[in-house]
Amino acid sequence: MSEPELVWDVGAELGEGPVWDASCGAIWFVDIKGCKLHRYGVETGEKTSWDTPDQTGFALPADDGSLVCGVRGGLHRFVPETGTFHLLLPVEQDRPQNRLNDGYVAADGSLWFGTMDDSERTSSGALYRFHQGEVERHDDGYLVTNGPAMCPAGHTLYHHDTLGRRIFAFDHKGGVLSNKRVFAETPDGFADGPAVDAEGVLHVGLFNGWGMARFAPSGARIGTIRFPVQTVTKGAFAGDDLRDLYCTTAWLNNADKKVEQPGLGGLFKVRVETPGLPQHRVRL
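This section reports on the structure supplied with the text. Treat the numbers as computed from the prediction; the structure is a model and nothing was measured.

The rules behind these values
- Residues numbered from 1 in each chain as written.
- Predicted model: local features only at pLDDT ≥ 70, side-chain atom pairs only at ≥ 80, totals over all residues.
- Heavy atoms only, no water.
- Pairing = 2+ DSSP bridges.
- Helix = DSSP H or I, 4+ residues; strand = E, 2+ residues; numbered from the N terminus.
- Axes fitted to C-alpha atoms, helices over the stretch in contact; angles between N-to-C directions.
- Phe/Tyr/Trp six-rings, centres within 6.5 Å; stacked < 30°, edge-to-face > 60°.
- Buried < 20%, exposed > 50% of the residue type's maximum accessible area, 1.4 Å probe, protein only.
- Core = buried A, V, L, I, M, F, W, Y, C linked by side-chain atoms within 4.5 Å.
- Contact = heavy atoms within 4.5 Å.
- Salt bridge = Lys/Arg side-chain N within 4 Å of Asp/Glu carboxyl O.

What to know about the sheet that holds strand E15 (residues 156-161)
Overall, antiparallel pairing links the four strands, which are arranged E14-E15-E16-E17 in an open sheet. Whereas interior strands pair on both sides, the edge strands pair on one side only; in this sheet they are strand E14 (145-150) and strand E17 (176-185). Direction aside, the axes of adjacent strands within the sheet are offset by 25° on average.

Things to note about the packing of aromatic side chains
Per the counting criterion, the structure on display carries 13 aromatic pairs. Summarising the aromatic geometry, the rings of tryptophan 50 and phenylalanine 78 are spaced 5.3 Å apart at their centres and angled 70° between planes, so their arrangement reads as edge-to-face. Of this pair, tryptophan 50 sits in strand E5 (residues 47-51) while phenylalanine 78 sits in strand E8 (residues 74-79); the two residues are 28 residues apart in sequence, bridging distant segments of the chain. Each of the two residues, tryptophan 50 as well as phenylalanine 78, counts as buried.

Description of the nonpolar core
In terms of nonpolar packing, the biggest core is built from 30 residues, with Leu37, Leu75, Phe78, Leu111, Phe113 and Val282 touching the most fellow members. Looking at this core, the elements with two or more residues in it are strand E3 (26-31), strand E6 (56-61), strand E7 (67-71), E8, strand E10 (98-105), strand E11 (111-117) and strand E12 (125-131). Counting residues per element, this core draws most heavily on E7, at four residues. If near-sequence neighbours (up to four positions away) are discounted, leucine 37 is found in contact with Trp28, Phe29, Val30, Thr48, Ser49, Trp50, Thr52, Ala59, Leu67, Phe78 and Phe85.

Some details on the pattern of salt bridges
For the structure shown, the criterion picks out 19 salt bridges. A salt bridge links glutamate 92 to arginine 95, with the nearest nitrogen and oxygen atoms 3.8 Å apart. In terms of burial, glutamate 92 and arginine 95 fall into one category: buried. Of the charged contacts, one joins arginine 271 and aspartate 244 as a salt bridge, the two residues approaching to 3.0 Å between their closest N and O atoms. In this pair, arginine 271 sits in strand E24 (residues 267-271) while aspartate 244 sits in strand E23 (residues 244-249), placing the two residues 27 residues apart along the sequence. For arginine 271, a relative accessible area of 29% corresponds to the partly exposed category. Aspartate 244 sits in the buried class, given a relative accessible area of 15%. Taken together, the shared-partner salt bridges in this structure form one network comprising Lys33, Arg72, Arg99 and Asp118.

In structure tokens:
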């Protein structure tokens, strides 16, 4: 495993949601608080940014070449060629204090995502699934959500109670969740975005934990990838062999640390031994 390398000192206040898009050889990610969508070309180093309509928690590739974005208030479709956003479906009109936070695409093309109270004061966040044009709520009562992610076989879904520093696991079958339980805890940082490799190891960003925690499928902690900055938010496996782990970071609540932690809020890359899983596309 290599040392983390800063590849784009983008200075994101809340960098999040990296995702590999093999069709264009790029990593997409967002700055939630900065209302930005970024694209980084892994071979060319090309850097492109767009303004988003509001705080955006994720931008995930869809089967028609667009991206489905979790913009506050609803799911939007983003067309890279025109740089335009269009509302697909409102989300949580009954919870205007909430925003969308993190998302994942399952093998069947369904989109799983979480919501949270933007002020982080009330447990009004929930876990949803977008499938065949409809959004269905599957769990509720979260203060800050992160994830979800699934094991390689798709029978286990992980979802985080970030401020509680807990990772939950659910049994998953055919879009239905059951048997919610605590999978692991992160006492050395707040459990942020997850990514799963081909061996089922869960990689969890540690907000204010200086790295990324690694958990075996049993829930046992098997290591930590250390970073030179304290707020690692999420990783995505990328490249031809899926062994380049690109990680977003943030300076949210740590603006005074930017001088002593160069690259805080930047996009980092770590070369790892075990490849990740292919990125699925949202089926529209």
